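# Structural characterization, general
If you want the building blocks of each chain, they are given just below.
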Amino acid sequence: MLSRAASSLFWMARYLERAETQARLLDVSLTMALIDVPEDREEQLSVPLLVTGTREVFDELYNDITPQNLIDFLLLDDRHPASVFSVIRSARDNALHIRGNLSADVWESINSAWMELKELRHKGVTESNASRVFDWTRERSHVFRGAAYGTLLRNDAFHFLRLGTFIERADTTARVLDIRHHMATKSLEGHPTQSFFEWTALLHSLAAFEAYQHTYGHNIEPMNVAELLILKPDVPRSLRACLQEIASLLEQIQSGDARRARRLASSLYANIHYGDREYIEERGLHEYLTDFLERIQRISGQIQKDYMGWKQ
Amino acid sequence: MLIQTPPEGIYDELFDEDNRVRPSCRMLEDWLIKSDEDLLAEKRREADVLFQRLGITFNVYGEDQGADRLIPFDLIPRVISATDWQRMQAGLRQRVQALNRFLFDIYHDFDIIRAGVISAEQVFANPQYQPGMQNLKLPRNLYSHIAGIDLIRHNDGDFYVLEDNLRCPSGVSYMLENRRMMMRLFPELFAQAPVAPVEHYPALLGETLRAASLKPNPTVVVLTPGRFNSAYFEHAFLARQMGIELVEGADLFIRQNRVYMKTTIGPQQVDVIYRRIDDDFLDPLAGNPDSMLGVPGLYAAYRSGNVVLANAMGTGVADDKSIYPYVPDMIRFYLGEEPILKNVPTWQCRKPRDLQYVLDNLPDLVVKETQGAGGYGMLIGPRASKKELSHFRSLLKARPDNYIAQPTLSLSTCPTFVDEGVAPRHLDLRPFVLSGKKIQMVPGGLTRVALKAGSLVVNSSQGGGTKDTWVLEGDEC
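Residues numbered from 1 in each chain as written. Chains lettered and ligands numbered in written order. Predicted model: local features only at pLDDT ≥ 70, side-chain atom pairs only at ≥ 80, totals over all residues. Heavy atoms only, no water.

### Some words on a negative patch on the surface
Residue and element names in this part refer to chain B. Our working rule: Distance thresholds for patches are 9 Å for like charges and 5 Å for nonpolar side chains (Val, Leu, Ile, Met, Phe, Trp, Tyr), applied to residues having over 30% relative accessible area and no salt bridge. Each accessible area is a Shrake-Rupley estimate made with a 1.4 Å probe; only the visible protein chains count as cover when residues are assessed. Any Lys or Arg side-chain nitrogen located within 4 Å of an Asp or Glu carboxyl oxygen qualifies as a salt bridge. Residues counted as positive are Lys and Arg, residues counted as negative are Asp and Glu, and His and the chain ends are not counted. Every charge is mapped onto a representative atom, which is NZ of Lys, CZ of Arg, CG of Asp or CD of Glu. Helix numbers and strand numbers start at the N terminus; a helix is a DSSP run of H or I with at least 4 residues, a strand a run of E with at least 2. Buried means the residue's accessible area, taken with a 1.4 Å probe over protein chains only, is under 20% of the maximum for its type, while exposed means over 50%, and partly exposed covers the values in between.
On the surface, D36, E37, D38, E42 and E46 cluster together into a patch of negative charge. Examined against the element boundaries, D36 turns out to sit in the loop between helix 1 (26-34) and helix 2 (37-54). We classify D36 as partly exposed; its relative accessible area is 42%.

### Some remarks on unusual backbone geometry
Trans is the prevailing form of peptide bonds, just as negative phi is the prevailing case for residues other than glycine. All names here are of chain B. N311 follows A310 through a cis peptide bond whose omega is 0 degrees. One non-glycine residue, F110, lies in the positive phi region at around 60 degrees. Looking at F110, the relative accessible area reads 23%, which means it is partly exposed. One non-glycine residue, R140, lies in positive phi territory at about 60 degrees. Among the structural elements, R140 can be located in the loop between helix 5 (120-124) and strand 4 (146-153). Residue class for R140 comes out partly exposed when judged on its relative accessible area of 34%.

### Structural notes on the interface of chain A and chain B
Note the cut-off: Should any heavy atoms of two residues lie within 4.5 Å, those residues are counted as being in contact. The term buried area means the drop in 1.4 Å probe accessible area that two parts suffer when joined, counted for both and summed. Residue classes follow a fixed rule: Ala, Val, Leu, Ile, Met, Phe, Trp, Tyr, Cys and Pro count as nonpolar, while Asp, Glu, Lys and Arg count as charged, and any other residue, Gly among them, counts as polar.
Counting residues at the interface gives 31 residues for chain A, matched by 24 residues for chain B. On the chain A side of the contact with chain B, L2, R99 and W310 of chain A bury the most area, a combined 28% of that side's loss. Seen at the junction of chain A and chain B, the total is three salt bridges. For R4 of chain A, the salt bridge goes to D251 of chain B, with nearest N and O atoms at 2.4 Å. A total of seven residues in the side of chain A that touches chain B trace back to one element, the largest contributor, which is helix 6 (residues 104-123) of chain A. Of the residues that constitute the side of chain A that touches chain B, the class distribution is twelve nonpolar, ten polar and nine charged.

### Describing the sheet that holds strand 15 (residues 365-369) of chain B
Here is the rule we go by: Only strands joined by at least two bridges in the DSSP assignment are considered to pair.
Across the sheet, which stays open at both edges, the four strands sit in the order 14-17-15-16 (chain B) with antiparallel pairing between neighbours. Both outer strands of the open sheet, strand 14 (347-348) and strand 16 (379-380) of chain B, are each paired with one neighbouring strand and no more.

### Some details on the side chain of D77 of chain A
Positionally, D77 of chain A belongs in the loop between helix 4 (67-76) and helix 5 (84-97). Setting aside anything within four residues of it in sequence, one finds D77 of chain A in contact with L61, Y62, D72, S83 and S86 of chain A.

### Looking at the nonpolar core
The nonpolar side chains of a soluble globular protein tend to be buried with one another. Formally: Here, nonpolar core refers to any group of buried Ala, Val, Leu, Ile, Met, Phe, Trp, Tyr and Cys residues whose side-chain atoms link them within 4.5 Å.
In terms of nonpolar packing, the biggest core is built from 242 residues, with M12 and I230 of chain A together with Y201 of chain B touching the most fellow members. When neighbours within four sequence positions are excluded, M12 of chain A is seen to be in contact with A91, N94, A95, I98, L102, I110, F144 and L161 of chain A. Counting residues in each nonpolar core, the second largest holds 14 residues, with C349, L362, V367 and L379 of chain B among its members.

### Concerning the pairing of strand 20 (residues 432-435) of chain B
Residue and element names in this part refer to chain B. Of the two faces of strand 20, the one lined by F432 and L434 and the one lined by V433 and S435 are each fully buried. Pairing geometry for strand 20 and strand 21 (residues 439-440), over two bridges, is antiparallel. The residue of strand 21 that forms the bridge with L434 is Q440.

### Comments concerning the packing of aromatic side chains
The condition is simple: To pair, rings of Phe, Tyr and Trp, with the six-membered ring standing in for Trp, must have centres within 6.5 Å; the planes then decide the type, stacked if under 30 degrees apart, edge-to-face if over 60, and tilted in the middle. We call a charge positioned above a ring when the Lys NZ or Arg CZ atom is no farther than 6 Å from the ring centre and deviates by at most 35 degrees from the ring normal.
Counting across every chain of the model gives 25 aromatic pairs over all chains. Between F58 of chain A and F73 of chain A the ring centres are 5.1 Å apart and the planes differ by 85 degrees, which places this aromatic pair in the edge-to-face class. Taken together, the positions of F58 of chain A in helix 3 (residues 55-61) and F73 of chain A in helix 4 put the pair 15 residues apart, joining distant regions of the chain. Of the two residues, F58 of chain A and F73 of chain A, both sit in the buried class. On the basis of an interplanar angle of 25 degrees and a centroid distance of 5.7 Å, the ring pair of F253 of chain B and Y260 of chain B is categorised as stacked. Residue Y260 of chain B is classed as buried on the basis of its relative accessible area, which comes to 17%. Three or more aromatic residues joined by ring pairs make a cluster, and in this case those are Y107, F110, F124, Y129 and Y143 of chain B. Over the face of the ring belonging to F186 of chain B we find K43 of chain B, whose NZ or CZ atom lies 5.4 Å from the ring centre.

Read these as spatial facts, not as claims about activity.
What follows is the structure in structure tokens.
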């Protein structure tokens, strides 16, 4: 397929996944800010900014971290390239670019999401109706995924689209785990009563709360959480699940010359596949995740070089 | 619901001159009488939302980039009887065949010029004429693989050709989407009426494009100027329907006079380009040097015979309004047949006697630029103010060769659902004629309709709408 189309499919899927992530992160943070002791409220609210590395952009545009400012920034601000509004617009731009490669259903799901979002933005979002927008964003993400699964031919277009989803997801899981795990561990020492909520916030951010209970029961142990989100193959947002998909997708994609992305992905997947919690503990979770994030970014860059880069 | 009858002296597609419903339209009339206005209004809103969701929109030049506008869609179909269609189809075949013969001739043997039917100046001095195309051998000697012929029905009930579009005629996606929309909104109508299908157009187009190359299994792509082009929706739509790549200039490159596209597995050779970019922008080395849309070196690759362009370079010379008056003669000259479809009588202002007539009768005439399109740069005499008339007089005197004039034709009308209810509105028709191993078309075409009472301007860029076109199979209806 066309390199440009592969790139647009890849980014379109990344953007849509990012929209869902932003909504989940913000949703959890706003809820946590209500539960949290007052002095930690700002820390709670800043989590989405830390995870997405956008604290500086935020500070340039807003004076202080309030729920409404966060809602404006993360959901609707068109000056912020990672706001839900901006990423859905970018996804739709990319979709328009490669309309010929999309099924009518997929195109329609993205196009109508964009139309509805413009409407939502026009009406305005406040703390009291923000939940509706979070639900909406998640639903749109599900509809997109459903349309893609249900109607796209299983060819390279589909594979590049899924690669975008899983690269973005692996990246997100690692970042959320890194930051929230740190906060939860800290509060385990400082505010023991608070800790249960911290752990559930982490799990909810990654839609893994039910998975945890199913696997480990009600008691939340820090290393169990890490193990679940890194090593468990059956948790949809775990690093292992994402990497398994990435490695297998890269194997399926038609390949001309030697492709480095394949090697990088398979090697990272093997690391996780044969890894265990003792190794992660030994290494230190933060260091482990920092290394993982570097490697996932290298894979993403290499995918773009291998398949999408054309320097004439 | 009440259907307004048409004014006298105009052919109406539904009512005959005695205001009786034409036999082929009785079913339609029954439906209209039974439908109430609220239901139609609701269906129209439903259609708008669907078109918007599907993104069946176009961009209007001069407005904000990316401003998506809907082409107004009218719910009431225009009906064409089987007899009318058969005659029209034969006429279109004949016409497009002659036009392709003409294009071959003016780039090879010049028979028609030597025979004195058309002057050499008319052809060679035409800015659309591409000297570089001379003696180039094209597969099957085809130049215009896809032609869109604009027809109107005059008050004598006959169809007249208004314009031949041989370069990048657009609108076929609306023909297809209009049908889909009608079937979705009014399935019961299709259960009653024997409407000839049009859904296979993309298949025929694909077949035509593959036949444009002599290779057994050619790689075909659609080349678009990109998403800000007014017809981008159509380019993407057709590529998807045919299952081929939609490429932009930057996706292609030339190596050793061959065209390749940049794919994820490396360069892949392209054999046929269904290009939706005008000649001048296809290759910055050969045409407009500022063009970012085309591919440097494409023209040389084309001339080497390593790629086929559909439509060919230099077809514009045959759809120019100054050549249009000669098409009936072309049909006689190349095919030895009498033209089946009529031309609109045309005065060529380049001829002094014609110019004098035009200047003397300006308030009764329509004046058009020979290179004009989209309803721009024209004068409709009977509707023009004194100031406009005198402005056009000076334009005509300054550059007579730039203009032709035609009598103000009365385009036929068809019941259309507008604010005033169901009222007659003027319309035209653009059937799409495909030339490959044989000449093929789907029954009907794109019907464009002027939505303002009395208006003759049907162009979508100027507020015109579209409606579904029904060719009825058999005549039993």
